[in-house]
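# Tertiary structure, described
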Amino acid sequence: MPLDTQTSVMLKRLKAIDFSLTRDMTPEQARYRQRALTRMAAPGEPVASVEDISIPGRIEGGTPLRIYTPKGDGLFPILIYFHGGGGVIGDLDSEDGLCRQLVNLAGCLVISVAYHLAPEYKFPSGPYECYAAVQWIATHAATFNGDASRLAIGGMSAGGNLAAVVTHMTRDRGGPHFVFQLLLTPLTDFRLLETPSLEHFAEGYFLTREDILWFRQHCLNGEEDRKNPLASPSLAASFSGLPPTLIITAEYDPLRDDGECYGQLLKDAGTSVTILRIQGAIHGFVVPDQMHAALSQSASALHFAFQSGIRQGISF
């Protein structure tokens, strides 16, 4: 399908100013601009309550969390969410609007995890910090009206990578048990295999091939890390025993085929997985209509998983 009209207009404006996510930038410069753009965004939807806390973790100072609570009475099911940004940029504010929409659409707690960023904290810092945060949330769920028996995990882009990795870690290490995982435009193979989407959408569609290489350079220590399943979950030894999964990709995203291939690996192992491609969209679903479409599908799947509370197929 052709590019979404709003997306096409946005891309033409970005091209006119020679916009790049990462070109000639240091990580701190890229973060500064991302924070400035976040401050310019419209306020997110109201939710019943929002609380920022810090929990003890592997890194001095702890791991910041933002707990979004829906209207109603608990105990609420929980979605643990990891933001995108290539592992180098992004924070609790950068996907605040997305988290608020999910809270209201799915009627669950959303707990956003502000994992420490590369290059200051390179691989494998991210997976281990996120795994520790999941353990803490599952153990302390009742203190914020959460139900640890209805626990889901998810993330966007690099956050989707971390969600996938942590899901493997919890399976291999005895829990906690997830009833669902949500992977939005995820990166699952840092080797960056030559797929049609990586070739066709390498330039001109917001996230570029050079951006992905820039993020990889700052996140990983070298070539061996690219083949480590804790960085590239598509290289895991097994894909069985994982929770029902929804993978949502974008048609004009260089990472589209990466996410869809990962979904096929799960399917081949007998995992219940739905792969949904948002037509006419680019990485991150950057226009409101496309984001709403992706989150509506996500919320429907989350609601079903939380209602069933057991491992079974996703139904729309």
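Residues numbered from 1 in each chain as written. Predicted model: local features only at pLDDT ≥ 70, side-chain atom pairs only at ≥ 80, totals over all residues. Heavy atoms only, no water.

Right, let's talk about the confidence of the model for the protein chain for a bit. Overall, the predicted model of the protein chain reaches an average pLDDT of 95, with 97% of residues at or above 70. When the criterion is pLDDT under 50, residues 310-316 qualifies, and its contacts beyond four places in sequence or with other chains add up to 26 contacts. (pLDDT = per-residue confidence, 0-100. Contact = heavy atoms within 4.5 Å.)

Further remarks concern the sheet that holds strand E8 (residues 273-278). Read from one edge to the other, the open sheet built from eight strands follows the order E1-E2-E4-E3-E5-E6-E7-E8, with strand pairing classed as mixed. The open sheet has two edge strands with one neighbour each: strand E1 (49-55) and E8. The average undirected angle you get between the axes of adjacent strands in this sheet is 20°. Sheet strands in contact with helix H3 (residues 96-106) are E1, strand E2 (63-69), strand E3 (76-82), strand E4 (109-113) and strand E5 (146-156), and its direction is about 40° off that of E2. (Pairing = 2+ DSSP bridges. Helix = DSSP H or I, 4+ residues; strand = E, 2+ residues; numbered from the N terminus. Axes fitted to C-alpha atoms, helices over the stretch in contact; angles between N-to-C directions.)

A few words on the nonpolar core. Formed by 57 residues in total, the largest nonpolar core has its most connected members in Ile78, Ile80, Phe82, Ile137, Phe144 and Tyr262. At the level of elements, E2, E3, E4, helix H4 (125-140), E5, helix H5 (158-172), helix H7 (209-219) and helix H9 (256-268) are the ones that each hand at least two residues to this core. Residue contributions to this core peak at seven residues, all from H4. Here Ile80 is in contact with Ile111, Val113, Val134, Ile137, Leu151, Ala152, Ile153, Gly154 and Phe178, once residues within four sequence places are set aside. By size, the runner-up hydrophobic cluster in this structure holds 31 residues, among which are Leu79, Leu102, Leu295 and Phe306. (Core = buried A, V, L, I, M, F, W, Y, C linked by side-chain atoms within 4.5 Å. Buried < 20%, exposed > 50% of the residue type's maximum accessible area, 1.4 Å probe, protein only.)

Gly74 connects to Leu75 through a cis peptide bond whose omega is 15°. Looking at where Leu75 falls in the secondary structure, it is placed in the loop between E2 and E3. With omega at 10°, the peptide bond leading from Phe123 into Pro124 counts as cis. Locating Pro124 in the fold gives a position in the loop between E4 and H4. Despite not being glycine, Asn145 has its phi angle at roughly 60°, a positive value. Within the fold, Asn145 resides in the loop between H4 and E5.

Looking at the second largest pocket, its volume works out to about 360 Å³. Along its surface, the second largest pocket is lined by 18 residues, and Phe19, Ser20, Arg23, Glu203 and Thr208 are the ones closest to its centre. For the lining of the second largest pocket, the secondary structure elements donating two or more residues are helix H1 (5-16) and H7. A total of four residues in the lining of the second largest pocket trace back to one element, the largest contributor, which is H7. Across the lining of the second largest pocket, the residue classes tally to seven nonpolar, five polar and six charged. (1 Å grid on protein atoms, 1.4 Å probe; cavity = no way out; pocket = protein on both sides within 12 Å on 5 of 7 lines; lining within 4 Å. Points joined across faces, edges and corners; volume = space filled by probe spheres on them. Nonpolar A, V, L, I, M, F, W, Y, C, P; charged D, E, K, R; others polar.)

Evaluation of the coordinates by the stated rule reveals 15 salt bridges. Between Lys227 and Glu224 there is a salt bridge, and its shortest N-O distance comes to 3.2 Å. Residue classification places Lys227 among the partly exposed residues on the basis of a relative accessible area of 42%. Assessed through its relative accessible area of 57%, Glu224 is described here as exposed. The network of salt bridges with common partners includes Asp52, Arg66, Asp93, Asp96 and Arg100. (Salt bridge = Lys/Arg side-chain N within 4 Å of Asp/Glu carboxyl O.)

Below, the discussion takes up H5. Given a rise of 1.5 Å per residue, 15 residues ought to cover 21 Å, and the 21 Å separating the end C-alpha atoms of H5 matches this to within 8%. Here H5 lies mainly inside the structure; 13 of its 15 residues are buried. One or two positions beyond H5, positive phi appears at Gly174, with a value near 85°. (Expected span 1.5 Å × (residues − 1).)

Now for the side chain of Arg216. Structurally, Arg216 can be placed in helix H7. Buried charge Arg216 goes without a salt bridge, the closest partner of opposite sign being Asp189 at 7.5 Å. Side-chain polar atoms of Arg216 contact the backbone oxygen of Phe190, separated by 2.8 Å. With sequence-adjacent residues up to four places away left out, Arg216 is seen in contact with Phe190, Arg191, Leu192 and Arg226. (Lys, Arg positive; Asp, Glu negative; His and termini not counted. Polar contact = N/O pair within 3.5 Å; in protein donor to acceptor, adjacent residues only side chain to side chain.)

Next up on the list: H9. For H9, with 13 residues, the first-to-last C-alpha span of 19 Å sits near the 18 Å given by 1.5 Å per residue. Restricting attention to buried positions, one finds in H9 the residues Arg256, Asp257, Asp258, Gly259, Glu260, Tyr262, Gly263 and Leu266. Buried residues along H9 sit in contact with H5, strand E6 (180-184), helix H6 (196-200), strand E7 (245-250) and E8. Looking one or two residues past H9, Gly270 carries a phi angle of roughly 90°, positive in sign.

The final tally for this structure, using the stated rule, is seven aromatic pairs. Taking the centre distance of 5.2 Å and the plane angle of 55° together, the rings of Phe201 and Tyr252 count as tilted. Here Tyr252 lies in the loop between E7 and H9 and Phe201 lies in the loop between H6 and H7, a separation of 51 residues in the sequence. Taking the relative accessible area as the measure of exposure, Phe201 reaches 10% and is therefore buried. Put simply, the rings of Phe201, Tyr205 and Tyr252 touch in pairs and so form one group of aromatic residues. Sitting above the plane of the Tyr131 ring, Arg173 keeps its charged end 5.1 Å from the centroid. (Phe/Tyr/Trp six-rings, centres within 6.5 Å; stacked < 30°, edge-to-face > 60°. Lys NZ or Arg CZ within 6 Å of the ring centre and 35° of its normal.)

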